[in-house]
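# Breakdown of the fold
Listed below, chain by chain, are the residues.
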Amino acid sequence: MIVRFAPSPTGYLHIGNARTALLNALLARREGGRFILRLDDTDRARSREEYADAIREDLAWLGVTPDAVFRQSQRGALYEAAAARLRAAGRLYPCYETAGELERRRRLQLARGLPPVYDRAALKLTAAERAALEAQGRRPHWRFLLHPETVVWNDLVRGESRVDCASLSDPVLVREDGAFLYTLPSVVDDADMGVTHVIRGEDHVTNTAVQIQLFAALGAPSPLFGHHNLLVTADGEGLSKRQGHLSLRGLRERGVEPLAAAALAVLVGTPEAVRPVASLDELASLVDLGSISRAPARFDERELLALNARLLHDMPWEVARPRLAAAGAGLDEAGWLAVRGNLERFSDAAVWAAIIRHGPQRPPAAGMDDAFRAAALETAPPEPWNDATWKVWTGAIRERTGARGRALFMPLRLALTGRDHGPEMAALLPLIGREEALRRIRAAM
């Protein structure tokens, strides 16, 4: 299996792009195949190096390492050779209409109740007429002559699929300035790189019929195709690189775990329950192209953040330890197990580490009167403290003051952590220690 992910470096990848990249990379990973990153950068005006770098960074963040990287801007000779073959075979022909002329023609066809399909008027031009147009300064664009047939393929996601090519306009493959549009370079590269499976969004279904004809015209075998449903926002809006919808860079900056983003991007819109996964290998085992829904899949940021929290709550110490060390969080295993259940983002662990070691940044308004403070100080159990200490201590304070429920627990929590919520105090208390706990109570207002 050889698959490819072929983004254009014209913006930052969003979560919908990640869905396509991951489906390809995970299948190659599971089947022992190759995953190719191909930067479709033939759009010279909009392609930027910073976006090319960002694509590689985003894939690395997801844990995806391409087996090979290619850039279409460096492969022009292959496309020129393919275009020459198609011209020689009569499948690529020059057209001289301007954009305005084509638009007027489409409007006229629609007004007559006809489909707005290119009428192939350029095929009727004589050599003299073409020469006259070029003498006027017109430069041709080049269209691929489609055979009027119904192209049928067994789609890996959608099952048997068919497109009547007689209902399509002959696609433009080469612009007036000689620049290649998406279709020809894509087919030439897929053939040259030996791509066996093309897995992409369903917005490319019609392109597939054209590309299958183009593979045949170039004498190359056609790969298998699979067109998955597209991700939309929670409001049903389509995702766009230009508008920055749910960009991977933005999710990373917000502290989203890559495995959380990957799990939701891959599992939403499938029969599999969206849930945390321990690794990309586990996620790869859940991929089944044939079971992907045909309806658009809604990607809800709230669901992503909830999934992110669940992943952190289950994260084992062995996984967290090197990340905590790199972040300078200073938590040991007991500290990690104490705080992980309340994390929304991994960076929150460093916040709790600072609270455990140093307490609130400023003395909190704990709502603690003198009688309560005295009872807390006088009944503090002797060390060593363990996970039973909190219950023993609060029980003694209750007997001394009569305080119960929130009136008992909240002044202590605020004095010790400066927060009105967080990890279980029974787990935090041994980490804070008796001497430090009493210091904080004395300092609380």
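Residues numbered from 1 in each chain as written. Predicted model: local features only at pLDDT ≥ 70, side-chain atom pairs only at ≥ 80, totals over all residues. Heavy atoms only, no water.

In the annotation of an unreviewed UniProt entry, the entry for the protein chain reads Glutamate--tRNA ligase, and the organism field reads Camelimonas abortus. According to UniProt, the comment filed for the protein chain under the heading Sequence similarities (unreviewed entry) is "Belongs to the class-I aminoacyl-tRNA synthetase family. Glutamate--tRNA ligase type 1 subfamily." (UniProt positions renumbered as here; feature names shortened; annotations may be inferred.)

Turning next to the overall build of the protein chain. Broken down by element type, the protein chain carries 19 helices and 12 strands. At 31 Å, the protein chain has a C-alpha radius of gyration far larger than the 22 Å of a compact globule built from 445 residues. In terms of its C-alpha atoms, the protein chain occupies a principal-axis envelope of roughly 105 × 45 × 40 Å. Counting the 445 residues in the protein chain, one finds 48% classified as buried. Sequence separation of 24 or more characterises 75% of the internal contacts of the protein chain that already satisfy a separation of 6 or more. In the form shown here, the protein chain has an accessible surface area of approximately 21,100 Å², with 50% of it arising from carbon and sulfur atoms. Measuring between centres, the 58 positive side-chain charges of the protein chain sit 3 Å from its 56 negative side-chain charges. (Helix = DSSP H or I, 4+ residues; strand = E, 2+ residues; numbered from the N terminus. Rg over C-alpha atoms; globule rule 2.2 N^0.38 Å. Buried < 20%, exposed > 50% of the residue type's maximum accessible area, 1.4 Å probe, protein only. Contact = heavy atoms within 4.5 Å. Areas by Shrake-Rupley, 256 points an atom, 1.4 Å probe, with all protein chains shown as cover. Lys, Arg positive; Asp, Glu negative; His and termini not counted. Charge placed at Lys NZ, Arg CZ, Asp CG, Glu CD.)

Let's shift gears to the packing of aromatic side chains. Aromatic rings in a pair are described by how distant their centres are and how their planes are angled relative to each other. Evaluated as defined, the whole model comprises 5 aromatic pairs. When the ring of Trp385 is compared with that of Trp393, the centres are 5.5 Å apart and the planes differ by 50°; the resulting orientation is tilted. A residue is classified by how much of its surface remains accessible, and Trp385, at 10% relative accessible area, is buried. Here Trp390 and Phe409 contribute two aromatic rings whose centre-to-centre distance is 6.2 Å and whose plane-to-plane angle is 35°, an arrangement assigned as tilted. Of the two residues, Trp390 is situated in helix H16 (residues 389–401) and Phe409 in helix H17 (residues 406–417); the sequence distance between them amounts to 19 residues. Taking the relative accessible area as the measure of exposure, Trp390 reaches 11% and is therefore buried. You can call Phe409 partly exposed: its relative accessible area is 36%. (Phe/Tyr/Trp six-rings, centres within 6.5 Å; stacked < 30°, edge-to-face > 60°.)

Here, the residues flagged by UniProt with the feature "short sequence motif: 'HIGH' region" (unreviewed entry) are residues 7–17. Here residues 7–17 is 27% helix and 0% strand, with 8 Å between the C-alpha atoms at its ends.

This part covers the sheet that holds strand E3 (residues 68–71). With respect to topology, 3 strands assemble into an open sheet ordered E1-E2-E3, the strand pairing being parallel. Of all strands in the sheet, those with a lone pairing partner are strand E1 (2–5) and E3, marking the two edges. Mean inter-strand twist for the sheet, computed between neighbouring axes without regard to direction, equals 25°. One ladder, built from 4 bridges, connects strand E2 (residues 34–39) with E3; its direction is parallel. Bridged to Arg38 within E3 is Phe70. Helix-sheet contacts for helix H2 (residues 49–62) involve E1, E2 and E3, and the interaxial angle to E2 is about 160°. (Pairing = 2+ DSSP bridges. Axes fitted to C-alpha atoms, helices over the stretch in contact; angles between N-to-C directions.)

On to the environment of Ala89, then. Within the secondary structure, Ala89 is located in the loop between helix H3 (76–88) and strand E4 (92–95). Ala89 sits in the exposed class, given a relative accessible area of 55%. Taking the C-alpha atoms as reference points, Ala89 and Ala217, 128 residues apart in sequence, are found 8.4 Å from one another.

Attention shifts here to helix H15 (residues 370–379). Residues of H15 that are buried: Phe372, Arg373, Ala375, Ala376 and Thr379. Looking down the long axis of H15, one finds its buried residues gathered within 165° of arc, a one-sided arrangement. Within H15, the exposed residues directed more than 90 degrees away from the buried face are Asp370, Ala371 and Glu378. The elements touched by buried residues of H15 are H16, H17 and helix H19 (434–443). Put simply, Asp369 is the residue that caps the front of H15, since its side-chain oxygen is 3.3 Å from the backbone nitrogen of Ala371. (Arc of directions from axis to C-beta. Polar contact = N/O pair within 3.5 Å; in protein donor to acceptor, adjacent residues only side chain to side chain.)

A separate point is the pattern of salt bridges. Scanning the model with the defined rule gives 32 salt bridges in all. We note a salt bridge from Glu301 to Arg254, for which the minimum N-O separation is 2.4 Å. Here the residue Glu301 occupies a position in helix H11 (residues 301–313), and Arg254 occupies one in the loop between helix H8 (248–253) and helix H9 (258–267), the gap between them amounting to 47 residues. Residue classification places Glu301 among the partly exposed residues on the basis of a relative accessible area of 32%. Exposure remark for Arg254: the relative accessible area of 35% places this residue in the partly exposed category. The salt bridge involving Arg302 is made with Asp300; its shortest N-O contact spans 3.1 Å. The exposure class of Arg302 is exposed, given its relative accessible area of 64%. A residue is classified by how much of its surface remains accessible, and Asp300, at 18% relative accessible area, is buried. (Salt bridge = Lys/Arg side-chain N within 4 Å of Asp/Glu carboxyl O.)

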